Amino acid sequence: MMLCGELTAPPHPGEEAGTLRAVGLAGGAMNRMKVDEEEYWHSSKCKAFTFDDDDDELSQLKESKRAVNSLREIVDDDDDLEKFSWSGEPVGSISWSIKETASSSSNAPEGRDSGLQKGSSSHPALPKQTSSYSISSFFKGRNKLGSFQSLSDALSDTGVKSYAPELRRSKAEYKDYSSDWSPKDTVRRMQRGKICSLERFRSLREKLELLDEAVAVHDGNVITAILIFLKRTLKKEILFQELEVRQVALRHLIHFLKETGEQKLLLDLLRFLDRTEEVALSQYREHLSIQDAEKRREFLKGCIRLPFSSEDAVHVQDHYTLLERQIIIEANDRHLEAAGQSEIFRKYPRKASILNMPLVTTLFYSCFYHYTEGEGTFSSPTNLKKTFKIPDKQYVLTALAARAKLRAWHDVDALFTTKNWLGYTKKRAPIGFRRVVEILQRNSAPVQVLQEYVRLVEDVETRLNLAMKYKCHDVVIDTYRDLKDRHQLMAYRCKVERGSAEEDKIDSILSNLVKNDSSPTYTQS
Amino acid sequence: MESENLAESRDRGCHVIGRAWRGMAAHLSSGRVNLTALREAGRRELREFLDKCAGSKAIVWDEYLTGPFGLIAQYSLLKEHEVEKMFTLKAGRLPPADVKNIIFFVRPRLELMDIIAENVLSEDRVRSPLRDFHILFVPRRSLLCEQRLKDQGVLGSFIHREQYSLDLIPFDGDLLSMESESAFKECYLENDQTSLYHAAKGLMTLQALYGTIPQIFGKGDCARHVANMMIRMKREFPGGQNSIFPIFDTLLLLDRNVDLLSPLATQLTYEGLIDEIYGIQNTYVKLPPEKFAPKKQGEGGKDLPTEPKKLQLNSAEELYAEIRDKNFNAVGSVLSKKAKIISAAFEERHHAKTVGEIKQFVSQLPHMQAARSSLANHTSIAELIKDITTSEDFFDNLTVEQEFMSGIDTDKVNNYTEDCIAQKHPLIKILRLVCLQSVCNSGLKQKVLDHYKREILQTYGYEHILTLNNLEKAGLLKLQTSSRNNYPTIRKTMRLWMDDVNEQNPNDISYVYSGYAPLSVRLAQLLARPGWRSIEEVLKMLPGPHFEERQQLPTGLQKKRQQGENRVTLVFFLGGVTYAEIAALRFLSQMEDGGTEYVIATTKLINGTNWIKSLMEKLEPPPF
């Protein structure tokens with residue numbers, strides 16, 4: 001059902017009054033089709049919300065606009081209240097100041113020199129540094145372990161002490177630092193951003209108490225800090241086990257590992273938890289950081305056997321197949337284009353590589369450059385359609401857009417022609433002919449082509465609207481003729497060119513129509 | 001004279017229009033609760049920190065922060081405290097500045113730490129005057145970030161490392177936001193509750209300034225957490241026995257995931273539409289300049305501005321305060337009425353005969369000019385919006401949304417959605433529609449869900465598997481598990497769909513979405529009258545627990561309500577709130593017999609687009 005019929009069927013007018021609310025805001029859509037709908041709107045309780053140009057709520061905008069404009073001359077001369085300064089932020093705003101102060105500094109190089117002297121004279125005691133690596137790392141006080149991975153290390157300002165002695169922490173704080181805080185107090189202090197050593201907590205019980213305490217206060221910052229400490233001081237297996245019964249902490253660790261890119265540990269953890277789908281997705285995510293197409297393809301190949309959900313597994317497989325395909329097409333086409341032998345590439349040089357483009361884009365590309373190829377080639381549209389089980393509708397839409405862009409009207413024609421077993425041809429469009437017309441029109445198809453498809457639009461009102469919009473006179477005339485609508489025909493006669501074939505056609509129809517038949521027999525469906 | 005307007009600008013080089021000088025954040029004190037006090041507290045804390053770093057200073061800004069900070073302080077305040085230069089944080093070497101202190105104002109994010117480290121390290125390589133480094137984390141110090149600075153070998157270079165708890169920022173007289181853009185993702189996708197902790201802290205600050213809130217109601221897991229933290233914090237820091245007479249009567253904590261529907265629907269209030277179409281950032285909006293070209297006589301459109309026009313939107317602007325919460329359909333008539341009034345006022349000058357009368361007229365001119373330019377701006381904005389709302393696609397999209405919300409055809413593949421995919425409309429638009437359908441159907445049938453997924457992946461790229469997965473995890477997109485679709489029951493019981501909506505003179509909150517009454521705001525409304533007991537059954541269908549807590553007040557502080565005095569309720573949206581929902585609450589505040597006035601707080605001001613975006617997997621740009 002989805003495959004056929006009018007795709008763009010307008011909203012069902014009678015279904016429920018509630019659906020009509022949109023009218024008020026989107027009056028412009030009233031210009032669309034369907035007289036019967038319009039009548040509905042007008043007769044419904046929503047009447048107040050329709051806009052004709054005159055009682056359009058918002059046409060009042062014009063009025064206020066006019067008023068505003070007429071006032072300009074009075075006030076614009078010395079309007080110092082509102083300065084239209086297109087070149088700057090409001091004076092005094094922070095972002096304005098960023099620019100302002102930054103530019104003044106670059107304009108005054110002297111200021112910098114004097115600053116150098118001033119700066120160094122005010123800090124005579126400070127050593128000149130050429131690289132912070134050299135100096136600060138000397139003072140960094142690497143601990144016994146030979147690294148500064150410990151959190152408490154991170155929390156103690158060893159570096160600062162070395163060249164800012166006046167900022168040393170007070171004695172009292174040192175006392176705090178060394179004294180024996182319980183897990184509870186420690187968490188409390190960490191919450192307030194105070195320095196705490198976690199190294200003292202040696203036993204598993206103490207460490208877990210610490211963690212539970214942090215979780216109880218819901219402070220993600222502290223939870224994460226403690227997790228880093230646990231991660232460093234506990235065996236992986238024990239940590240995982242303990243976290244399994246501590247879901248909040250567990251989620252924080254997963255988030256943290258994602259954030260810091262510790263992919264391996266993350267995957268270990270997810271595997272331990274038996275969260276296999278997450279493992280798969282998390283691993284699949286990595287392909288995004290691989291730029292080289294060949295390497296990316298290899299990586300995706302490896303992803304195929306990961307434990308995805310069954311639906312996702314299909315998509316990942318398709319993703320791999322598509323990239324594999326694109327690599328082949330890309331190599332081939334780049335060569336063709338460079339050789340300059342192929343007319344299509346000469347006439348329409350490629351704007352970008354096809355690598356990593358979505359499937360539908362690839363199909364468009366293939367319909368554009370490789371339309372006539374047989375199903376046997378990787379780059380042929382039919383092959384893509386089959387490999388990826390692209391639905392008919394999607395395929396027709398894409399092929400139509402590509403062929404219309406090339407103005408290959410024969411191909412367009414063939415796309416909608418079907419032969420039945422008796423050999424009769426019939427036109428059929430799974431996307432509805434209205435859509436066909438729109439796409440053709442967007443690709444500036446000539447009237448002769450356009451009207452052929454307008455004629456195929458089943459709904460009379462839609463057909464008439466399209467025909468008038470795109471000046472397919474023949475279709476309009478024929479439709480009115482079929483409706484035996486003498487009135488409309490006469491009205492339309494004024495719209496066509498004097499002495500044109502269309503005028504003659506109308507005249508001849510009018511003379512053939514029996515007078516009695518002139519009232520419209522068309523009833524709306 | 002220093003302008004009080006503060007602006008943020010994410011892309012440097014964007015330009016702005018200066019605006020009328022305005023009194024000091026007067027709009028913050030216009031509401032029932034004077035939020036100037038909160039802003040003052042923020043300014044005080046900032047001054048104290050700046051004074052700690054003695055001597056001249058330069059501030060290096062995490063650009064995201066300039067917007068929120070702009071609502072607290074302006075450059076003049078910083079200047080008074082010897083801030084001489086300001087830069088934007090970016091990789092490489094710091095610009096030269098003749099100052100004693102360099103202070104980094106940053107959010108606690110790892111990637112920013114790397115940039116800071118690079119700044120600090122390259123600073124030492126060039127021979128520049130020795131400068132002291134400090135770092136101010138907003139809103140909190142992060143041990144994780146400090147660890148990263150440590151790993152980069154620069155932690156020791158910082159003398160002061162402090163935090164500035166900019167938890168709740170006053171946006172307007174009745175509106176507070178934490179502007180934490182990832183709060184929803186953290187809470188509902190990653191289950192990281194840090195932003196809830198900040199919310200609780202923000203609430204403690206509010207209570208310190210405006211008194212203990214005697215009653216706390218809540219719905220949802222996050223709401224429960226925040227209430228627990230508040231109670232715990234109160235217990236643990238009893239030191240400051242709060243002796244302030246309570247201004248708020250009730251706090252209502254609401255999880256965003258209790259109402260996933262409202263942000264997905266297109267907002268139809270004036271402010272909501274401005275946000276949907278142009279995006280409001282920290283009360284500022286950037287608009288296409290064409291309609292704002294200053295038309296002076298004689299230079300007809302010679303040099304049209306090409307930079308976006310930037311405007312601040314808040315209740316300090318009289319006209320904006322009047323129209324922002326109206327349904328867009330009702331804006332035109334107000335603007336035209338205003339135009340008449342202003343025209344008449346200017347006409348007065350012809351009648352001014354005596355010197356006294358002329359003087360009188362002249363004295364009113366500034367006010368009239370301000371009103372005139374305000375009217376001009378909003379007429380232009382309304383025109384811009386009208387161009388969009390009258391487009392065929394806007395109509396079609398809205399029709400489908402309204403069908404879903406009123407329960408029509410939510411269980412099959414939607415033609416319009418499919419069409420939009422075929423035409424490669426922006427992915428976010430598609431996701432909004434599909435999620436809306438899913439929410440209105442309590443999940444999609446397997447066949448429907450699979451169909452949408454396949455179409456999306458084939459058209460937009462397979463890598464979006466990751467985004468679809470995120471949406472599923474957050475509950476926005478899901479498989480219908482039980483055979484029962486609860487949404488119709490919820491819709492009927494809570495009257496979420498109103499057929500007879502009046503956009504011009506509304507009598508119900510449903511006007512903000514032209515038919516749909518936001519569930520979140522209905523919850524607030526029903527809580528005030530007749531109480532949640534009336535909807536027990538429906539509450540159970542919505543995720544998470546609902547609860548009530550009481551905080552004891554000393555007898556002296558217990559409120560004796562005057563006859564006819566309204567209650568004040570603070571509604572805190574955990575995970576974000578839309579302008580349409582805010583408008584609906586303001587509507588309830590203004591109802592004559594409403595009995596309750598609302599102040600709104602949130603983790604972030606959101607709309608469907610930026611909300612969905614925050615849940616999308618960040619994809620590398622295509623490699624060409």
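A quick note: this is a predicted structure, and the numbers were derived from the prediction, not measured. (Residues numbered from 1 in each chain as written. Chains lettered and ligands numbered in written order. Predicted model: local features only at pLDDT ≥ 70, side-chain atom pairs only at ≥ 80, totals over all residues. Heavy atoms only, no water.)

Undergrad: Provide a residue-level description of the overall build of chain A, including the pertinent values.
TA: In terms of helices and strands, chain A carries 29 helices and two strands. Sorting the 525 residues of chain A into buried and exposed places 49% on the buried side. Roughly 26700 Å² of accessible area belongs to chain A as shown, and the carbon and sulfur atoms make up 52% of that amount. (Helix = DSSP H or I, 4+ residues; strand = E, 2+ residues; numbered from the N terminus. Buried < 20%, exposed > 50% of the residue type's maximum accessible area, 1.4 Å probe, protein only. Areas by Shrake-Rupley, 256 points an atom, 1.4 Å probe, with all protein chains shown as cover.)

Undergrad: Tell me about a negative patch on the surface, and name the residues and values.
TA: All names here are of chain B. A contiguous patch of negative charge on the surface is contributed by Glu45, Glu48, Asp51, Glu82 and Glu84. The element best represented in the negative patch is helix α1 (residues 36–52), accounting for three residues. By the element assignment, glutamate 45 lies in helix α1. (Patch = residues over 30% accessible without salt bridge, like charges linked within 9 Å, V, L, I, M, F, W, Y side chains within 5 Å. Salt bridge = Lys/Arg side-chain N within 4 Å of Asp/Glu carboxyl O. Lys, Arg positive; Asp, Glu negative; His and termini not counted. Charge placed at Lys NZ, Arg CZ, Asp CG, Glu CD.)

Undergrad: Can you explain the pairing of strand β2 (residues 83–88) of chain B? Please cite residues and give values.
TA: Within a regular strand, the side chains alternate between the two sheet faces. Residues and elements named next belong to chain B. Most of β2 sits out of view: five of its six residues are buried. By the bridge criterion, five bridges tie strand β1 (residues 57–61) to β2 in an arrangement that is parallel. Note on β2: the bridge partner recorded for tryptophan 61 is threonine 88. (Pairing = 2+ DSSP bridges.)

Undergrad: Account for the sheet that holds strand β14 (residues 567–574) of chain B, with residues named and values stated.
TA: All names here are of chain B. If you trace the seven strands from one edge of the open sheet to the other, you get β6-β7-β15-β14-β9-β8-β13, paired in mixed fashion. Each edge of the open sheet carries a strand with a single partner, namely β6 (169–172) and β13 (546–550). Taking each pair of neighbouring strands and ignoring which way they run, the sheet shows an average axis angle of 20°. With three bridges joining them, strand β7 (residues 175–177) and strand β15 (residues 596–602) adopt parallel strand pairing. Residue pairing across strands places leucine 176 opposite alanine 601, the latter belonging to β15. (Axes fitted to C-alpha atoms, helices over the stretch in contact; angles between N-to-C directions.)

Undergrad: Can you tell me about the side chain of aspartate 259 of chain B, naming the residues and giving the values?
TA: All names here are of chain B. Relative to the elements of secondary structure, aspartate 259 occurs in the loop between β9 (250–255) and α9 (261–264). Aspartate 259 sits in the buried class, given a relative accessible area of 2%. Within polar-contact distance, the side chain of aspartate 259 engages the backbone nitrogen of serine 520 at 3.0 Å. When sequence neighbours within four positions are dropped, the list of residues in contact with aspartate 259 reads Tyr516, Pro518, Leu519, Ser520 and Glu581. (Polar contact = N/O pair within 3.5 Å; in protein donor to acceptor, adjacent residues only side chain to side chain. Contact = heavy atoms within 4.5 Å.)

Undergrad: Go over the environment of phenylalanine 272 of chain A, please, and point to the residues and values.
TA: Residue and element names in this part refer to chain A. Relative to the helices and strands, phenylalanine 272 is located in helix α15 (residues 263–272). What makes phenylalanine 272 partly exposed here is its relative accessible area of 33%. Separated by 28 residues in the primary sequence, phenylalanine 272 and glutamate 244 place their C-alpha atoms 9.2 Å from one another. For phenylalanine 272, the contacting residues outside a window of four places in its chain are Phe240, Gln241 and Glu244.

Undergrad: Can you tell me about the sheet that holds strand β10 (residues 280–281) of chain B, naming the residues and giving the values?
TA: Residue and element names in this part refer to chain B. One open sheet accounts for three strands, arranged β10-β11-β12; its pairing is antiparallel. Two strands bound the open sheet, and with one partner strand each, they are β10 and β12 (309–312). Direction of pairing for β10 relative to strand β11 (residues 284–287): antiparallel, over a ladder of two bridges. Within β11, the position partnered with isoleucine 280 by the bridge is valine 285.

Undergrad: An account of the packing of helix α26 (residues 460–469) of chain A against helix α27 (residues 473–483) of chain A is requested, with residue identities and associated values reported.
TA: Residues and elements named next belong to chain A. Contact geometry of α26 with α27 gives a least axis separation of 9 Å together with a crossing angle of 150°. By the angle between their axes, α26 is roughly antiparallel relative to α27. For the element pair α26 and α27, the recorded crossing hand is left-handed. Between α26 and α27, the contacting residues are Val460, Arg463, Leu464, Ala467 and Met468 on the first element and Val475, Val476, Thr479, Tyr480 and Leu483 on the second. For the contact of α26 with α27, the per-class residue count stands at eight nonpolar, one polar and one charged. (Parallel < 35°, antiparallel > 145°, perpendicular 65-115°, else oblique. Left-handed = near helix turned anticlockwise from the far one by under 90°. Nonpolar A, V, L, I, M, F, W, Y, C, P; charged D, E, K, R; others polar.)

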